[in-house]
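For reference, the chains in residue letters:
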Amino acid sequence: MEYIAVFLGAFVAELCAAGYTIALTRGKVGIAVFCTALLTLLSTGVLLGIVDNHNLIAPSVTGEVVGTVIAMRIAGKR
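Residues numbered from 1 in each chain as written. Predicted model: local features only at pLDDT ≥ 70, side-chain atom pairs only at ≥ 80, totals over all residues. Heavy atoms only, no water.

Peer 1: Could you give an account of the overall build of the chain, naming the residues involved and the relevant values?
Peer 2: Looking only at helices and strands, the chain features 3 helices and 0 strands. Taken from N to C terminus, the helices and strands of the chain fall in the order α-α-α. Along the longest, intermediate and shortest principal axes, the C-alpha atoms of the chain span 40 × 25 × 15 Å. Per-residue burial over the chain gives 29% buried out of 78 residues. In the chain, the proportion of contacts linking residues at least 24 apart, taken out of those at least 6 apart, comes to 70%. Counting only carbon and sulfur atoms, one obtains 72% of the accessible surface of the chain, whose full area is about 5,100 Å². (Helix = DSSP H or I, 4+ residues; strand = E, 2+ residues; numbered from the N terminus. Buried < 20%, exposed > 50% of the residue type's maximum accessible area, 1.4 Å probe, protein only. Contact = heavy atoms within 4.5 Å. Areas by Shrake-Rupley, 256 points an atom, 1.4 Å probe, with all protein chains shown as cover.)

Structural data, given as structure tokens:
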């Protein structure tokens, strides 16, 4: 269960990072601020999980990569 939680945390954090960039380019400051706050919260949770259990590095990296790919596809469609 820990692996899934870390994967999802990293995945959503990466979506937030892309959402932040997209929001800034479109001048939507409120959405950018929300994405930054959520990104910080999720990244902190993932980092604390990895420090506690080094076996969680693989799902973290996988979540980051998959999140980046999905976010770039979403950004490309708009």
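Peer 1: I'd like a rundown of the nonpolar core, residues and numbers included.
Peer 2: The biggest cluster of nonpolar side chains holds 5 residues, and these are V6, A10, V46, I50 and L56. Mapped by element, the contributors of at least two residues to this core are helix 1 (2-25) and helix 2 (29-52). Leaving out residues up to four positions away in the same chain, I50 has contacts with L56, I57 and S60. (Core = buried A, V, L, I, M, F, W, Y, C linked by side-chain atoms within 4.5 Å.)

Peer 1: Talk me through the environment of T44; I want residue IDs and the actual numbers.
Peer 2: Summarising the element assignment, T44 is placed in helix 2. Looking at T44, its side chain comes within polar contact range of the main-chain oxygen of T40, at 2.8 Å. (Polar contact = N/O pair within 3.5 Å; in protein donor to acceptor, adjacent residues only side chain to side chain.)

Peer 1: Can you explain a nonpolar patch on the surface? Please cite residues and give values.
Peer 2: On the surface, I57, V61, V65 and V69 cluster together into a nonpolar patch covering about 310 Å² of accessible area. For V65, the position within the fold is in helix 3 (residues 57-77). (Patch = residues over 30% accessible without salt bridge, like charges linked within 9 Å, V, L, I, M, F, W, Y side chains within 5 Å. Salt bridge = Lys/Arg side-chain N within 4 Å of Asp/Glu carboxyl O.)

Peer 1: Could you give an account of the packing of helix 1 against helix 2, naming the residues involved and the relevant values?
Peer 2: Contact geometry for helix 1 and helix 2: axes closest at 8 Å, N-to-C directions at 155°. Classified by the angle their axes make, helix 1 and helix 2 are roughly antiparallel. Where helix 1 crosses over helix 2, the handedness of that crossing is left-handed. For the pair formed by helix 1 and helix 2, the contact residues are V6, G9, A10, V12, A13, C16, A17, G19, Y20, A23 and L24 on the first element and I31, A32, C35, T36, L38, L39, L42, S43 and V46 on the second. (Axes fitted to C-alpha atoms, helices over the stretch in contact; angles between N-to-C directions. Parallel < 35°, antiparallel > 145°, perpendicular 65-115°, else oblique. Left-handed = near helix turned anticlockwise from the far one by under 90°.)

Peer 1: Please set out the packing of helix 1 against helix 3 residue by residue, giving values where relevant.
Peer 2: Look at helix 1 against helix 3: their axes get within 7 Å of each other, and the N-to-C directions meet at 35°. Considering the relative orientation of helix 1 and helix 3, their crossing is right-handed. On helix 3, the residues that touch Y3, V6, F7, A10, F11, E14, L15, A18 and I22 of helix 1 are P59, S60, T62, G63, E64, V66, G67, T68, I70, A71, M72 and A75. Of the residues that constitute the contact of helix 1 with helix 3, the class distribution is 14 nonpolar, 5 polar and 2 charged. (Nonpolar A, V, L, I, M, F, W, Y, C, P; charged D, E, K, R; others polar.)

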